[in-house]
Amino acid sequence: MKEHPVRPLAALRTTALAAVVPLAAVTGCASTDPGGTAAPAAETTTAAAEPVEVGANKPRLAVTYDGGLLVVDATTLEVLADEPLDGFNRLNPAGDGRHFLVSTQGGFRLLDGGAWAEPHGDHSHYYTVAPRLTDVLFEAETPGHVVAHAGRTVLFDDGTGEVTAFDSAHIADEDVELARFSTPEAHHGVAVELEDGTMLVSEGTEESRSGVRILDADGEEIAARDDCPAVHGETVAADEAILIGCQDGAVLHRGGELTKIQSPDEYGRIGNQFGTDGSPIVLGDYERSAEDRSSTVALIDTTTAELRLVDLPAPYWYRSFGRGPDGEGLVLTYDGALQVIDPTTGTITRSIPVTGPWEESQDWQDPHPQVFVVDGMAYVTEPATQQVHAVDVEGGEVWKSGDLGVTPIELAGVSGDAEEHAAHEHDGEEHDEHDEKGE
């Protein structure tokens, strides 16, 4: 935010800890009563219904459209909530298995998917409530990337270069502690925090960016590179290897070191990366030209820093990627088929018809089919039919399709389950008599 001075990256951790403040003090969105007492930051104009306990986790999808957003039951594909929200809005899972962060005017706004789990020792209890768009807002001049990993969620403000990090499990808490720092200059950037507090952060300006920095838990720089032109995106693979994209390849962080992975082409842009904790291999888009539509993808082995290219039967769009339940690479191509790629061999193992033929328009904000994987199921939006399709990757078929009633733009999903690494208040607690009966 503008009121925070720009600080050098080396001051990350000490600055962050000094700037820990309650969420209610930084959102600027809490209403006040006639007596002047600030209302809780998470309070909304519509009171939430009482939670209902259910027998299993209930995954949720969020879909934006021109003028609002939907919350959809990922199992039945029923629309559960329709919230008005102006502008072009982007969606991100918040990292706790329940909430989404909506990049919208003024910052990152919290959307409650309405399904969550509370761990109780060797089992969990599952709950649902009516989904709603809350008034909780993490202020940002130009809200950009959201990265959730290892129980921490990190926000990047492209308008100021400010980074905000917090515990994912406490995102809706009124007094959630926020760690903050600023990059030297504002840019379209990204930051990700690892389990030991190590932070990867991009560096650049509004005109250009090529820097990647690794800072330890005390904010001290332990590695840096400045040879990643047009640095963009990030993903975390097995053993917490981080891959960040460049116009001519990628930069790999592994074991505290940064390694440049060069593309085989002079212009070989990897701008978007898709990893999974269970695989050392990252799937990325690959462009040989800024103008031509690509039908080639990249597979990067984070253990060997080797890059391999795979040709697909048709072009794709960079938002039509995902990873399957067993780490398969998923790409929806212009012919409407979901291509399933074995990341180890680089072969296409099956091609699943999902949508009608389509093409990317010149404006990336126009509605295009998108892919998002939740709880082992791949979901694909089809703007032309105003539908969302649930695809069984292992079975090789569309399992179910649902009508949205609007033209979908953005797509994201949450599991409705307790996310790994996230702390929950019932972890490790003794069960009372009620719990022991499984109630």
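Residues numbered from 1 in each chain as written. Predicted model: local features only at pLDDT ≥ 70, side-chain atom pairs only at ≥ 80, totals over all residues. Heavy atoms only, no water.

A. Quick look at the overall build of the chain. Looking only at helices and strands, the chain features three helices and 35 strands. Burial analysis of the chain (439 residues in total) assigns 54% to the buried set. In the chain, the proportion of contacts linking residues at least 24 apart, taken out of those at least 6 apart, comes to 50%. On the chain, roughly 18200 Å² of surface is accessible, and the fraction owed to carbon and sulfur atoms is 45%. (Helix = DSSP H or I, 4+ residues; strand = E, 2+ residues; numbered from the N terminus. Buried < 20%, exposed > 50% of the residue type's maximum accessible area, 1.4 Å probe, protein only. Contact = heavy atoms within 4.5 Å. Areas by Shrake-Rupley, 256 points an atom, 1.4 Å probe, with all protein chains shown as cover.)

B. Focus on the pattern of salt bridges. The tally for this structure, following the rule as stated, stands at 16 salt bridges. Its salt-bridge partner being Arg213, residue Glu203 comes within 3.6 Å of it at the nearest N-O pair. Of this pair, Glu203 sits in strand β16 (residues 199–204) while Arg213 sits in strand β17 (residues 209–215); the two residues are 10 residues apart in sequence, bridging distant segments of the chain. Exposure remark for Arg213: the relative accessible area of 8% places this residue in the buried category. (Salt bridge = Lys/Arg side-chain N within 4 Å of Asp/Glu carboxyl O.)

C. A look at the sheet that holds strand β12 (residues 152–157). Spatial ordering of the open sheet is given by β11-β12-β13-β14, a layout of four strands whose pairing is antiparallel. Bordering the open sheet on either side are β11 (143–149) and β14 (179–182), each of which pairs with just one other strand. Averaged over all neighbouring strand pairs, the angle between strand axes comes to 15°, with direction disregarded. When strand β13 (residues 162–167) meets β14, the two strands line up antiparallel, connected through four bridges. Paired with Val163 across the strands is Phe181, a residue of β14. (Pairing = 2+ DSSP bridges. Axes fitted to C-alpha atoms, helices over the stretch in contact; angles between N-to-C directions.)

D. Local environment of the sheet that holds strand β10 (residues 132–139). Spatial ordering of the open sheet is given by β5-β6-β7-β10, a layout of four strands whose pairing is antiparallel. Edge positions in the sheet fall to β5 (90–93) and β10, since each of these pairs with one other strand and no more. Taken over all neighbouring pairs, the strand axes of this sheet differ in orientation by 30° on average, direction set aside. The pairing of strand β7 (residues 107–112) with β10 spans five bridges and is classified as antiparallel. Residue pairing for β10: Asp112 is matched across the bridge by Arg132.

E. Up close: the packing of aromatic side chains. With the rule as written, the count across this model stands at six aromatic pairs. Between Tyr316 and Phe321, the aromatic rings sit 5.0 Å apart at their centres with planes inclined by 80°, giving edge-to-face as the arrangement. The class for Tyr316 is buried, based on a relative accessible area of 5%. Plain terms: the ring middles of Trp317 and Tyr318 are 5.2 Å apart, the flat faces sit at 65° to each other, and that makes the pair edge-to-face. Tyr318 gets classed as partly exposed once you look at its relative accessible area, which sits at 22%. Connected via pairs of aromatic rings, a cluster forms that spans Phe274, Tyr316 and Phe321. Of note, Arg98 hangs over the ring of Trp116, and the distance from its end group to the ring centre comes to 3.7 Å. (Phe/Tyr/Trp six-rings, centres within 6.5 Å; stacked < 30°, edge-to-face > 60°. Lys NZ or Arg CZ within 6 Å of the ring centre and 35° of its normal.)

F. Up close: the environment of His149. Note on placement: His149 falls in strand β11. Owing to a relative accessible area of 10%, His149 belongs among the buried residues under this scheme. C-alpha separation for the pair His149 and Asp96, spaced 53 residues apart in sequence, amounts to 9.9 Å. Not counting chain neighbours up to four residues away, the residues in contact with His149 comprise Val192, Glu193, Leu194, Val236, Glu240 and Asp277.

G. How the structure looks around the pairing of strand β4 (residues 79–84). The pairing of strand β3 (residues 68–73) with β4 spans five bridges and is classified as antiparallel. If you follow Gly68 over to β4, its bridge partner there is Pro84. Hairpin remark: β3 followed by β4, antiparallel, with five residues in the connecting loop; positive phi at Leu77, about 65°.

H. View of the side chain of Asp158. By the secondary structure assignment, Asp158 is in the loop between β12 and β13. As a buried residue without a salt bridge, Asp158 has its nearest oppositely charged side chain in Arg90, at a separation of 7.9 Å. Within the structure, Asp158 has its side chain in polar contact with the backbone nitrogen of Gly189 (distance 3.2 Å). (Lys, Arg positive; Asp, Glu negative; His and termini not counted. Polar contact = N/O pair within 3.5 Å; in protein donor to acceptor, adjacent residues only side chain to side chain.)

I. Geometry of the confidence of the model for the chain. Looking at the chain as a whole, the pLDDT averages 86, with 85% of positions reaching at least 70. Predicted confidence is poor over residues 1–47, with pLDDT under 50, and the contacts of this stretch with residues over four places away or in other chains come to 103 contacts. Confidence over residues 424–439 falls short of pLDDT 50; this stretch has 19 contacts with residues more than four positions distant or in other chains. (pLDDT = per-residue confidence, 0-100.)

J. Quick look at unusual backbone geometry. If you check the backbone angles, Glu240 has positive phi at about 55° while not being a glycine. Within the element layout of this structure, Glu240 appears in the loop between β19 (232–236) and β20 (242–246). With phi around 55°, Gln386 is a residue other than glycine that occupies positive phi space. Tracing the sequence through the fold places Gln386 in the loop between β32 (377–382) and β33 (387–392).

K. Focus on the pairing of strand β2 (residues 60–65). Within β2, six of the six residues are buried, which leaves the element mostly enclosed by the surrounding structure. Burial along β2 is two-sided: Arg60, Ala62 and Thr64 and Leu61, Val63 and Tyr65, pointing in opposite directions, are all buried. Sheet analysis places β2 next to strand β35 (residues 411–414), joined by four bridges and oriented antiparallel. Note that in β35 the partner of Arg60 across the bridge is Val414. Following β2, the chain reverses through two residues before pairing antiparallel with β3; Gly67 in that reversal takes a positive phi of roughly 115°.

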